[in-house]
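# Chain and residue survey
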Amino acid sequence: MKLLSFLTTRTTLTPKHYLTISSSTNTLLSLDSYCAPNPQESVYSNNRIINGLIKTRQLGHAHKLFDEMLIRDVVTYNLLISGHGKHGVPTQALCLYSEMISLGIRESPSTFSSVLCICGNNSGFFGEGVQVHCRVVKLGFGFNLYIGSSLVGLYMHMGLVDLSLRLFDELPERNVELWNLVLRGFCELGRFDELVGFYYDMKEDNLELNGLTFCYLIRGCCDKRFFNEGRQLHSHVIKIGWVDSNVFVANALVDFYSACGVLRDAEISFQGIPLEDVLSWNSMLSAYADNGLLFYAVELFYMMQYWGKKPSIRSFVGFLKLCSLDGDIIFGKQIHCCVLKLGFDNGSVHVQSALISMYGKCFDIKNSVSVYENLPKRTLECCNSLMTSLLHCGIVDDVVEMFGLMVDEGIGLDEVTFSTVLKALSEACLISLASCRLVHCCAIKLGFESNISVSCSLMDTYSRSGNVEISLQVFKQLSSPNVFCFTAIISGFARNGYGRECFEILKTMIQKGLKPDKVTFLCVLNGCSHSGLVDEGKLVFNSMMSGHSISPEREHISCMVDLLGRAGILEEAEDLLQQTPERGDSVMWSSLLRSCRIHRNEMVGRRAAKVLLEIDPENFAVYLQVSNFYSEIGEYESSVQVREIALARKMTKEIGRSFIDIRSCH
């Protein structure tokens, strides 16, 4: 919508129109003949009535009076714009703003604040918000505190943090409300490092912080990395009396200790909150649920009912997430009954989404689809939940179909949608390059090409279909790739046998100051194994502990055994397995035995076969592999004996299957 040139369909008659009508009837009328004796008093009186109607949410009556007014001023329009922003239709608010400009009524600071707030709270109007910013600068309101605050909030919602902070720094004065706006933005964007740093800047400005400030700060410390800072904040709010006087701060402390896994301190914080506060009950219930303590969560749930406390949306979401993690569908159905009884099934998109996910994670896709089909309105969050449920149950074709349905119905798409459908495409039996490109084009069109999760999913999907070059293109288009992006491209190269490239990308990643994690090292080791890069693999494996303080896990050791086994360094591979806790698993020893068969090492092979039968005596594939090994070295009697043991235990081999994608040249 071109905001500043938008033409409304309103047919309001201006004083000029009235004079024209009067003259057409050959009747000479002055302005006083159809206006109140004092027009300004009439406008003021009508504005007061409109304000009262809007406060009581009678927007229709306010509009009717607005249409009947012969003279309107900036306050009249401000009231209707603000009313539509809070209780009405955002589009109508912007239409009123456009009409106001076309009539030559100049905006006040309140006008800009209301319009910018509307644009910031509705992602579809970000472009209009930028246009309004241009008008703010043109009319010289750029340094107004309240307009500046609205602009900071707009760009925070758009994710343009650097621009938002630049506007913040340019303001001649800053109050605590503006600081809180920035803190909220950091919380919503998950940039907790900056949030903690801002706290010290606020202290230097000698601002008198309020309860909302501490709520945002404590929320920002809900990460074990900032646990000490959170404890310091707790001490500070106790010292200045906010814990006893502000229940929101007290509840924020419950959430903080819960998120950091310190439930004892969460319980102590909960016990200090007045009994009548329902928020604290729900905070503590969510704390138990989030930490997997079902017994304590249910006990508190019963106590809430005994004391007449109503569970909140957050409590039910916590319960349903816990059921999803544990696969406890029986308890999940009981919670579903409570949800229906209390009316949350139609009133909360979060509960609806959690129900769909719960049934999906418990592999009850029928009920998951049933909840979705009974929704009063299909929302993006619920569609995403059904997509992830279908993916979890392995119904990948329906995930792709769901994506097409969301596009056709205009429900909207986000990074979760794109990541889920790309994951489904990567897990499909036959990956279609055309489908990958179609989703990729859609992501670019909607501005998600620079999103980290979407980019990583694109790299993974393209590499699984063998198109490593396109994966590399996606990676190179990222302005500042993080650890996950580097890991995704390394995984893609490793999957396709480009071990040398994996090793080089790891070196580049470390040179850029990024710290590889366990998954990164595993992908590099896989690449080295598939390419036979023994020296590079040893270097990477040894550097995990010495250079990055990461202890190798079973997957890393298994990969090194495979690498050494492929190269014929079997004694060293065996020594590595003997040093592994519990002597490793059957996969590792099976890999070693397979290498012994290839390189015809009878001595190590005999030991590997013996250990393999001890570790996994119930696996038919193990007996078959050991039997084949004895047969190859000429010990036919031992080979037959091993097979007879497997047959006596009535073991059977699972039938395998393969798919071939035949691509036509035409």
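Residues numbered from 1 in each chain as written. Predicted model: local features only at pLDDT ≥ 70, side-chain atom pairs only at ≥ 80, totals over all residues. Heavy atoms only, no water.

## What to know about the overall build of the protein chain
- Scanning the protein chain from terminus to terminus reveals 39 helices and zero strands.
- The buried share of the protein chain, taken over its 666 residues, is 47%.
- By sequence separation, contacts in the protein chain at least 24 residues apart represent 61% of the contacts at least 6 residues apart.
- Of the roughly 34700 Å² that the protein chain leaves accessible, carbon and sulfur atoms contribute 54%. (Helix = DSSP H or I, 4+ residues; strand = E, 2+ residues; numbered from the N terminus. Buried < 20%, exposed > 50% of the residue type's maximum accessible area, 1.4 Å probe, protein only. Contact = heavy atoms within 4.5 Å. Areas by Shrake-Rupley, 256 points an atom, 1.4 Å probe, with all protein chains shown as cover.)

## Overview of the confidence of the model for the protein chain
- On average, residues of the protein chain score 82 in pLDDT, and 90% of them are at 70 or above.
- With pLDDT under 50 throughout, residues 1-37 is counted as low confidence; its partners more than four residues away or in other chains account for 43 contacts. (pLDDT = per-residue confidence, 0-100.)

## Quick notes on the nonpolar core
- Within the largest apolar cluster, 197 residues are counted, with the highest numbers of intra-cluster contacts made by Ile 50, Ile 81, Phe 418, Met 459 and Leu 592.
- A per-element tally of this core places helix 30 (residues 483-495) first, with eight residues.
- Among all residues touching Met 459, those that are not within four sequence positions of it are Ser 471, Val 474, Phe 475, Leu 478, Cys 485, Ala 488 and Ile 489. (Core = buried A, V, L, I, M, F, W, Y, C linked by side-chain atoms within 4.5 Å.)

## Looking at the packing of aromatic side chains
- Counted by the stated rule, this structure contains 17 aromatic pairs.
- An angle of 85° between the planes, with centres 5.4 Å apart, marks the rings of Phe 301 and Phe 319 as edge-to-face. Taken as a pair, Phe 301 in helix 18 (residues 294-306) and Phe 319 in helix 19 (residues 313-326) lie far apart in primary sequence, 18 residues in all. The residues Phe 301 and Phe 319 share a single accessibility class, namely buried. (Phe/Tyr/Trp six-rings, centres within 6.5 Å; stacked < 30°, edge-to-face > 60°.)

## Topic: the environment of Asn 121
- Residue position: Asn 121 is located in helix 6 (residues 109-121).
- With a relative accessible area of 49%, Asn 121 lands in the partly exposed category.
- Considering only alpha carbons, one finds Asn 121 and Gly 153, 32 residues apart in sequence, at a separation of 9.0 Å.

## Some details on the packing of helix 31 (residues 499-511) against helix 32 (residues 518-531)
- Contact pair helix 31 / helix 32: the axes reach a minimum separation of 7 Å and the direction vectors enclose 150°. As the angle between them shows, helix 31 and helix 32 are arranged roughly antiparallel. Considering how the two elements wind past one another, helix 31 and helix 32 form a crossing that is left-handed. Contact residues: Gly 499, Cys 502, Phe 503, Leu 506 and Met 509 in helix 31; Thr 520, Phe 521, Val 524, Gly 527, Cys 528 and Ser 531 in helix 32.
- Split into classes, the residues belonging to the contact of helix 31 with helix 32 amount to seven nonpolar, four polar and no charged. (Axes fitted to C-alpha atoms, helices over the stretch in contact; angles between N-to-C directions. Parallel < 35°, antiparallel > 145°, perpendicular 65-115°, else oblique. Left-handed = near helix turned anticlockwise from the far one by under 90°. Nonpolar A, V, L, I, M, F, W, Y, C, P; charged D, E, K, R; others polar.)

## Details of a nonpolar patch on the surface
- A contiguous nonpolar surface patch, about 390 Å² in accessible area, is contributed by Met 303, Tyr 306 and Trp 307.
- Of note, Tyr 306 is situated in helix 18. (Patch = residues over 30% accessible without salt bridge, like charges linked within 9 Å, V, L, I, M, F, W, Y side chains within 5 Å. Salt bridge = Lys/Arg side-chain N within 4 Å of Asp/Glu carboxyl O.)

## Remarks on helix 30
- Counted at 1.5 Å a residue, the expected span for helix 30 with its 13 residues is 18 Å, and the 18 Å between its end C-alpha atoms agrees.
- Within helix 30, eleven of the 13 residues are buried, which leaves it mostly tucked inside the rest of the structure.
- Those residues of helix 30 that fall on the buried side of the exposure criterion are Val 483, Cys 485, Phe 486, Thr 487, Ala 488, Ile 489, Ile 490, Ser 491, Gly 492, Phe 493 and Ala 494.
- In this fold, the buried residues of helix 30 make contact with helix 28 (452-464), helix 29 (468-476), helix 31 and helix 32. (Expected span 1.5 Å × (residues − 1).)

## Side note on the packing of helix 12 (residues 211-220) against helix 13 (residues 227-239)
- Where helix 12 contacts helix 13, the axes come no closer than 10 Å and their chain directions differ by 160°. Put simply, helix 12 runs roughly antiparallel to helix 13. The interaxial crossing formed by helix 12 with helix 13 has left-handed handedness. Within the contact between the two elements, helix 12 uses Phe 214, Leu 217 and Ile 218 and helix 13 uses Leu 233, His 236 and Val 237.

## Side note on the pattern of salt bridges
- The tally for this structure, following the rule as stated, stands at 18 salt bridges.
- Across the pair Asp 460 and Arg 495 runs a salt bridge, and its minimum N-O distance is 3.3 Å. Linking Asp 460 in helix 28 with Arg 495 in helix 30, this pair joins segments that are 35 residues apart in sequence.
- Exposure remark for Arg 495: the relative accessible area of 33% places this residue in the partly exposed category.
- Here the salt bridges do not stand alone but share partners, grouping Asp 460, Arg 464 and Arg 495 into one network.

## Examining the side chain of His 133
- As for its placement among the helices and strands, His 133 is situated in helix 7 (residues 126-138).
- When its relative accessible area of 16% is taken as the criterion, His 133 is described as buried.
- In this view, His 133 contacts Leu 116, Leu 151, Tyr 155 and Leu 167; residues no more than four positions away in its chain are not counted.

## With respect to the state of the cysteines
- Applying the stated criterion across every chain, the model contains zero disulfides.
- As a non-bridged cysteine, Cys 382 has Cys 383 as the owner of its nearest cysteine sulfur, 7.1 Å distant.
- A disulfide-free cysteine, Cys 485 has its sulfur positioned 4.0 Å from the sulfur of Cys 456, the nearest such atom. (Disulfide = S-S within 2.5 Å.)

## Details of helix 37 (residues 602-615)
- Taking 1.5 Å of rise per residue, 14 residues should cover 20 Å, and helix 37 covers 20 Å from first to last C-alpha, within 8% of that figure.
- The inward-facing, buried residues of helix 37 contact helix 35 (570-579), helix 36 (586-599) and helix 38 (620-632).
- For helix 37, the capping residue at the N-terminal end is Asn 601, with a side-chain oxygen 3.4 Å from the backbone nitrogen of Met 603. (Polar contact = N/O pair within 3.5 Å; in protein donor to acceptor, adjacent residues only side chain to side chain.)

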